[in-house]
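# What the coordinates show
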Amino acid sequence: MLVYSENIAGILNQITAVFTRRQVNIESLNVSASSIPHVHKYTITAYSDEDQIVKITKQIEKKIDVVKANYYTDEELFIREVGLYKLSTPVVLENPEISRLCRRADAHIMEVNPTFCSVMLSGKTEEITDLYYALDKFGCVLQYTRSGRIAVTRSTVEQVSDFLDEQERQRQKRMAAADEK
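What this report covers is the structure whose coordinates are included nearby. (Residues numbered from 1 in each chain as written. Predicted model: local features only at pLDDT ≥ 70, side-chain atom pairs only at ≥ 80, totals over all residues. Heavy atoms only, no water.)

Here we come to the environment of Glu27. Here Glu27 lies in strand β2 (residues 26-33). A relative accessible area of 46% means that Glu27 is categorised as partly exposed. When the C-alpha atoms of Glu27 and Tyr47 are compared, they prove to be 7.6 Å apart, with 20 residues separating the residues in sequence. If we skip the residues at most four places from it in the chain, Glu27 touches Thr45, Ala46 and Tyr47. A distance of 3.4 Å separates the side chain of Glu27 from the side chain of Asn25, its partner in a polar contact. (Helix = DSSP H or I, 4+ residues; strand = E, 2+ residues; numbered from the N terminus. Buried < 20%, exposed > 50% of the residue type's maximum accessible area, 1.4 Å probe, protein only. Contact = heavy atoms within 4.5 Å. Polar contact = N/O pair within 3.5 Å; in protein donor to acceptor, adjacent residues only side chain to side chain.)

See the structure below:
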């Protein structure tokens, strides 16, 4: 789900409360500025049936500070995450297969010191978790974390842009009608 809102304190709590009331777990949540000034974008990943997600989307869109909310399937979006892995340097040095595994996954080694090395991988959820499970088999993982998903639609324009353009046209019509009176 992609939600666009004004940058107002408390709106995140209102949005997550809709999921809580419907007992739908949020798998990942990422909030950032959008390409539209003063509008924030929430990328929310939740798994449920379509009927439930449609109801949640409508409830979120009713919130006064929410500009637009839409739900999408994975196929309708470009999705990426980042995985960070902290690995034991002694174990990595003992087994060259670990380094080969990281290179094959196109992961980037960010730092190496005598105690640990840190590795970053950007990609799809499955790629991030697959690398974790492969590394974990070697007993070298000291820490691991994954970011929330970030996503953009496969459409050439964001639906929120069309929505905001239409809102502006309606506002201008109302102002013109008021000026005529």
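That shown, we press on.
Where helix α1 (residues 11-21) contacts helix α2 (residues 50-61), the axes come no closer than 10 Å and their chain directions differ by 150 degrees. It follows from the interaxial angle that α1 and α2 lie roughly antiparallel. The interaxial crossing formed by α1 with α2 has right-handed handedness. On the side of α1, the interface is formed by Ile15, Val18 and Phe19, while α2 contributes Ile56, Gln59 and Ile60. (Axes fitted to C-alpha atoms, helices over the stretch in contact; angles between N-to-C directions. Parallel < 35°, antiparallel > 145°, perpendicular 65-115°, else oblique. Left-handed = near helix turned anticlockwise from the far one by under 90°.)

Below, the discussion takes up the pattern of salt bridges. Taken as a whole and assessed by the stated rule, the structure comprises seven salt bridges. With a closest N to O distance of 2.6 Å, Arg146 and Glu81 form a salt bridge. Here the residue Arg146 occupies a position in strand β8 (residues 141-146), and Glu81 occupies one in strand β5 (residues 77-88), the gap between them amounting to 65 residues. Note on Glu81: relative accessible area 2%, which makes it buried. Three or more residues are tied together by salt bridges with common partners; here these are Asp74, Glu81, Arg146 and Arg149. (Salt bridge = Lys/Arg side-chain N within 4 Å of Asp/Glu carboxyl O.)

Together, Leu12, Leu29 and Val31 give the surface a local cluster of nonpolar side chains, amounting to about 200 Å² of exposed area. Mapped onto the elements, Leu12 comes out in helix α1. Overall, the relative accessible area of 34% leaves Leu12 in the partly exposed class. (Patch = residues over 30% accessible without salt bridge, like charges linked within 9 Å, V, L, I, M, F, W, Y side chains within 5 Å. Areas by Shrake-Rupley, 256 points an atom, 1.4 Å probe, with all protein chains shown as cover.)

Quick look at the environment of Asn113 now. Among the secondary structure elements, Asn113 is positioned in the loop between β6 (108-112) and β7 (116-123). Placed 23 residues apart in sequence, Asn113 and Pro90 show a C-alpha to C-alpha distance of 9.8 Å.

A few words now on the packing of helix α4 (residues 96-104) against helix α5 (residues 125-136). As a packed pair, α4 and α5 sit with axes 11 Å apart at the nearest point and diverge in direction by 175 degrees. Judged by the inter-axis angle, α4 sits roughly antiparallel to α5. On α5, the residues that touch Ile98, Leu101 and Cys102 of α4 are Leu131, Ala134 and Leu135. Among the residues forming the contact of α4 with α5, the class breakdown is six nonpolar, no polar and no charged. (Nonpolar A, V, L, I, M, F, W, Y, C, P; charged D, E, K, R; others polar.)

A word on the sheet that holds strand β4 (residues 66-70). The sheet built from four strands is open, its strands ordered β2-β3-β1-β4 with antiparallel pairing. Every interior strand has two partners, whereas the edge strands, β2 and β4, have only one. The average undirected angle you get between the axes of adjacent strands in this sheet is 15 degrees. Pairing between strand β1 (residues 2-6) and strand β3 (residues 39-46): five bridges, direction antiparallel. Counted as the bridge partner of Ser5 is His40 from β3. Along the sheet face, α1 touches β1, β2, β3 and β4 and points at about 25 degrees away from the line of β3. (Pairing = 2+ DSSP bridges.)

Applying the stated criterion across every chain, the model contains three aromatic pairs. A ring pair is formed by Tyr132 and Tyr144, whose centres lie 4.2 Å apart and whose planes are at 20 degrees; its orientation type is stacked. Here the residue Tyr132 occupies a position in helix α5, and Tyr144 occupies one in strand β8, the gap between them amounting to twelve residues. A relative accessible area of 27% places Tyr144 in the partly exposed class. An aromatic cluster of three or more residues is present, and its members are Tyr85, Tyr132, Tyr133 and Tyr144. Above the ring of Phe116, the side-chain terminus of Lys86 is found at 4.4 Å from the ring centroid. Positioned over the ring face of Phe78 is Arg154, at 4.1 Å from the centre of the ring. (Phe/Tyr/Trp six-rings, centres within 6.5 Å; stacked < 30°, edge-to-face > 60°. Lys NZ or Arg CZ within 6 Å of the ring centre and 35° of its normal.)

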